[in-house]
There are 2 protein chains.
Amino acid sequence: MIQKEILDFIRNGDKKFLHHLSIDCVIFGYHERQLKVLLLKWKNSNKWTLPGGFIKLDETLDEAAARILTERTGLSELFLQQFHTFGEPGRSERTAADIAHLESICKAPVPKDHWLLKRTVSIGYYSVTEYSQVNPQPDFLSDECTWHDIKAIPKLVFDHNLIVDEALKALRMQIYLQPIGYNLLPTKFTLPEIHNLYETILDKELDRRNFPKKLLSLGIIKKLDEQRSIGAHRSPYLYKFDKRKYDKALKEGIVLAF
Amino acid sequence: MIQKEILDFIRNGDKKFLHHLSIDCVIFGYHERQLKVLLLKWKNSNKWTLPGGFIKLDETLDEAAARILTERTGLSELFLQQFHTFGEPGRSERTAADIAHLESICKAPVPKDHWLLKRTVSIGYYSVTEYSQVNPQPDFLSDECTWHDIKAIPKLVFDHNLIVDEALKALRMQIYLQPIGYNLLPTKFTLPEIHNLYETILDKELDRRNFPKKLLSLGIIKKLDEQRSIGAHRSPYLYKFDKRKYDKALKEGIVLAF
C-alpha cells in the first residue's frame with residue numbers, strides 16, 4: 001500500500017502539482033522556557049527533514065501549507081505565516097543514493113528523470129504552538145515526527161537548517177511588531193510566565209520592570225483581581241490578554257522596545 | 001527585431017526559465033517628502049504593471065531579481081529585498097485579449113497553449129531609491145517607465161496593486177527594525193530632512209523630540225560641528241550617518257519606538 005502511494009506520487013505527481021515549487025513548514029513548539037522545532041525522520045534512514053510538500057494546481061499557497069502540515073504531522077488549525085522563499089540552484093538536489101533509497105522503500109525501480117529531480121524553489125511558512133498540547137504523528141514517508149530543542153537541531157536534508165534559522169529570525173522580528181502568547185500561555189498567567197515566553201523566543205534577557213510595563217501600557221495584557229498561590233508567601237497576581245486589543249494589535253502592528 | 005524577440009520569448013522561454021514562477025519588483029522612490037513607485041506601461045496599451053520577469057534555470061532568486069530590474073528599467077545596484085510570495089490561483093491569468101494584444105505586437109499568431117499561460121506564482125522584491133538621482137528607461141515590451149505617487153497608483157494588471165500594498169507594509173515594518181536613509185539623504189543632512197523621510201514612508205507624524213533622540217541614542221546618526229545656512233537666523237546643525245553603527249544595525253536589527 002505505502003509503496004504504491006509513493007510510486008504513484010513519483011509517477012503521476014507531475015499532473016497534480018505545480019512543478020519547481022514546494023512548501024516547507026517550520027513549526028516551533030513552546031512549553032515552560034523551552035523552544036523546540038518539529039522534525040520528521042525519513043523512513044528507513046537517519047535523515048531529518050522539515051514537514052514539506054507540493055502545491056496542487058488549484059490550491060492557494062496558504063491552503064497548500066495547511067494541508068501539507070496536516071498530512072505530514074497530523075497537526076491542524078495552526079496559524080501558518082509565510083516568511084521567505086528559498087531558491088538557490090542545487091538547494092534540494094536529490095542524489096543517486098536518494099533514488100536508491102526511494103527504490104528500496106517502493107521495492108520497485110523509479111524513473112531516473114522523474115519530476116521531483118527538477119530544481120525546486122521552496123516557500124517557507126512558520127507557526128508557534130504549545131507543544132505539550134498537540135500530538136504530532138509521522139506520515140507514511142516518515143518513521144518519526146518529534147520535537148527537537150532549538151539549540152540541538154540535527155543536520156537536516158537540503159537547506160533545511162538554513163530555513164529553520166531564517167524562520168527563527170522572522171519569528172524574533174515578528175514579536176517586536178505583533179503580540180504573541182495567546183494559545184501559548186494558560187488563559188490566566190503570571191508576569192514571569194509571559195516574561196519567560198518572550199525571553200525564550202528572543203534568547204535574551206528582558207528588563208523585569210520595563211517588559212510588563214510596555215505590555216500593560218499597550219493594553220495587550222490586563223491585571224486581574226486574582227492571585228495564584230504557588231507556595232508560602234508567594235501568590236503572584238494573574239493577568240490575561242485583552243483579546244480585543246490583542247487582535248487589533250495583531251492586525252495593525254505595534255512597536256515593542258523593552 | 002522587437003517582434004522577433006517577443007516571439008522567441010513566447011516560443012522558447014520554456015526551455016530557459018523555471019515554469020510557474022516569476023519575480024515582481026516594487027521600486028519605491030523617495031525625494032523631498034514624496035514617495036513614489038516605478039511602473040511600466042505595456043507597449044500599445046493603457047495597462048500599467050510592475051517591472052517583472054522570469055528566473056533562469058541556473059540563477060539564484062536574488063540574481064534573477066537584479067537582472068530583471070536592470071533589463072526592464074535600466075536601474076542597477078539597488079538593494080532588493082525579498083518580502084512575500086504571491087500565489088492565488090488565477091492571480092495572473094492572461095485573457096484572450098492579452099493574447100490578441102501580443103499577436104498585434106508580434107504581427108504574428110502566438111501559440112494558444114504557450115508556457116506563459118500556466119499558473120504563475122510570483123516572488124515579490126522591493127527596494128527604495130532616491131528617484132531624482134536615477135533615470136529609468138522602458139524596455140522593449142513597454143512604452144513608458146515612470147514614477148507614480150504612492151497615493152495615486154493607477155489600476156495595475158493582475159494582482160500588482162496588492163503586491164505594491166504588501167511591499168509598502170513590509171517597508172514600513174522594516175524601518176522599525178533596520179535603519180534606512182543612507183543613499184536617500186545627502187551625506188550631511190538636517191534633522192528635519194531625516195524626520196521627513198521617516199514620516200513620509202510611515203505616512204504618520206513622529207514626535208519632533210523623541211524621534212531624533214532615538215536615532216542619536218542608538219548611535220546611527222551623529223551631530224556634526226557644522227551648520228547649514230538656509231536663511232536669516234536659520235542655520236540648523238548638520239548630521240551624518242555613523243556608517244559602522246548603521247551597518248551593524250542593518251545586520252543585527254534595532255527596535256525603534258518613537
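The preceding data block contains the structure.
Residue positions within a chain follow its written sequence, with the count starting from 1. Following the order in which they are written, the chains are lettered starting with A and the ligands numbered starting with 1. Under the rules for a predicted model, residues below a pLDDT of 70 receive no local features and side-chain atom pairs below 80 are neither given nor counted, while totals for whole chains, interfaces and linings still include all residues. For side-chain calculations, the full set of non-hydrogen atoms in the structure is used, while hydrogens and water are omitted.

Q: Help me understand the state of the cysteines in this model?
A: Chemically, a disulfide is nothing more than a covalent bond linking the sulfur atoms of two cysteines. Any pair of cysteine sulfurs within 2.5 Å is marked as a disulfide. Evaluated as defined, the whole model comprises zero disulfides over all chains. Here cysteine 25 of chain B is not cross-linked by a disulfide; its sulfur's nearest cysteine counterpart is in cysteine 145 of chain B, at 11 Å.

Q: Hey, could you run me through the pairing of strand β1 (residues 21–31) of chain A in this one?
A: Side-chain direction in a regular strand flips from residue to residue, so the side chains alternate between the two faces of the sheet. Residues and elements named next belong to chain A. Burial analysis of β1 places ten of its eleven residues in the buried class, the great majority of the element. Direction of pairing for β1 relative to strand β6 (residues 121–130): parallel, over a ladder of ten bridges. Across the sheet, serine 22 pairs through a bridge with serine 122, a residue of β6. When DSSP finds two or more bridges between two strands, those strands count as paired. In this text, helices come from DSSP runs of H or I with a minimum length of four residues, and strands from runs of E with a minimum of two, each type numbered from the N-terminal end. Relative to strand β4 (residues 52–53), β1 runs antiparallel, the two being bridged by two bridges. Looking at β4, one finds that isoleucine 23 is bridged to glycine 53. In this sheet, strand β2 (residues 34–42) lies alongside β1 in antiparallel orientation, the contact comprising four bridges. Looking across to β2, one finds that phenylalanine 28 is bridged to valine 37. Where β1 hands over to β2, the hairpin turn is made up of two residues, of which glutamate 32 adopts a positive phi near 40°. Accessible area is worked out with a 1.4 Å probe on protein chains only. A residue is then buried under 20% of its type maximum, exposed over 50%, and partly exposed in between.

Q: How should I be thinking about the relation of the copies chain A and chain B in this particular structure?
A: Relating one copy of the chain to the other takes a rotation about an axis and a shift parallel to that axis. C-alpha atoms of residues with pLDDT of at least 70 in both copies form the basis for the least-squares superposition of the copies. Once turned by 180° and shifted 0.0 Å along the axis, chain A lies on chain B with an RMSD of 0.0 Å. On the angle and the small slide along the axis, the relation comes out as a two-fold axis. In this analysis, two residues are considered to be in contact whenever any of their non-hydrogen atoms come within 4.5 Å of each other. When the interface residues of chain A are mapped onto chain B, 100% of them again lie at the interface, so the same face is used by both copies.

Q: Would you mind showing me how to read the packing of helix α5 (residues 191–202) of chain A against helix α6 (residues 210–217) of chain A here?
A: Relative placement of two packed helices is described by the angle separating their axes and the distance separating the axes. All names here are of chain A. Fitted lines through C-alpha atoms serve as axes, helices being fitted only where they are in contact, and the angles separating the N-to-C directions of these axes extend from 0 to 180 degrees. At a minimum axis distance of 10 Å, the contact between α5 and α6 shows a crossing angle of 100°. Taken together, α5 and α6 sit at an angle that is classed as roughly perpendicular. On α6, the residues touching Leu191, Ile194, His195 and Tyr198 of α5 are Phe211, Pro212 and Leu215. Polar here means any residue other than Ala, Val, Leu, Ile, Met, Phe, Trp, Tyr, Cys and Pro, which are nonpolar, and Asp, Glu, Lys and Arg, which are charged; Gly is therefore polar. Along the lines of polarity and charge, the residues of the contact of α5 with α6 split into six nonpolar, one polar and no charged. For classification purposes, angles smaller than 35 degrees are called roughly parallel, those larger than 145 roughly antiparallel, those between 65 and 115 roughly perpendicular, and all remaining angles oblique.

Q: Can you walk me through the environment of arginine 172 of chain B in this structure?
A: Residue and element names in this part refer to chain B. Here arginine 172 shows up in helix α4 (residues 160–177). Sequence separation of arginine 172 and lysine 4 is 168 residues, and the distance between their C-alpha atoms is 42 Å. Those residues in contact with arginine 172, other than ones at most four positions away along the chain, are Ile201, Leu202 and Asp203. A distance of 2.7 Å separates the side chain of arginine 172 from the backbone oxygen of isoleucine 201, its partner in a polar contact. By the criterion applied in these results, polar contacts are pairs of N or O atoms within 3.5 Å in which, for protein atoms, one can donate a hydrogen and the other can accept it, and in which residues neighboring in sequence qualify only through two side-chain atoms.

Q: Can you walk me through the environment of glycine 53 of chain B in this structure?
A: Residues and elements named next belong to chain B. Mapped onto the fold, glycine 53 is located in strand β4 (residues 52–53). In the structure, glycine 53 is positioned 31 residues away from serine 22 in sequence and 5.6 Å away in space, judged by C-alpha atoms. Setting aside its immediate chain neighbours within four residues, glycine 53 contacts Ser22, Ile23 and Ile68.

Q: Explain the pairing of strand β2 (residues 34–42) of chain B here, please?
A: Residue and element names in this part refer to chain B. β2 sits mainly inside the fold: eight of its nine residues count as buried. In this sheet, strand β7 (residues 142–149) lies alongside β2 in antiparallel orientation, the contact comprising seven bridges. In the strand pairing of β7, tryptophan 42 is matched with serine 142. Bridge count between β2 and strand β3 (residues 48–49): two bridges; the pairing is antiparallel.

So far we have only geometry, and geometry alone does not tell us how the molecule works.
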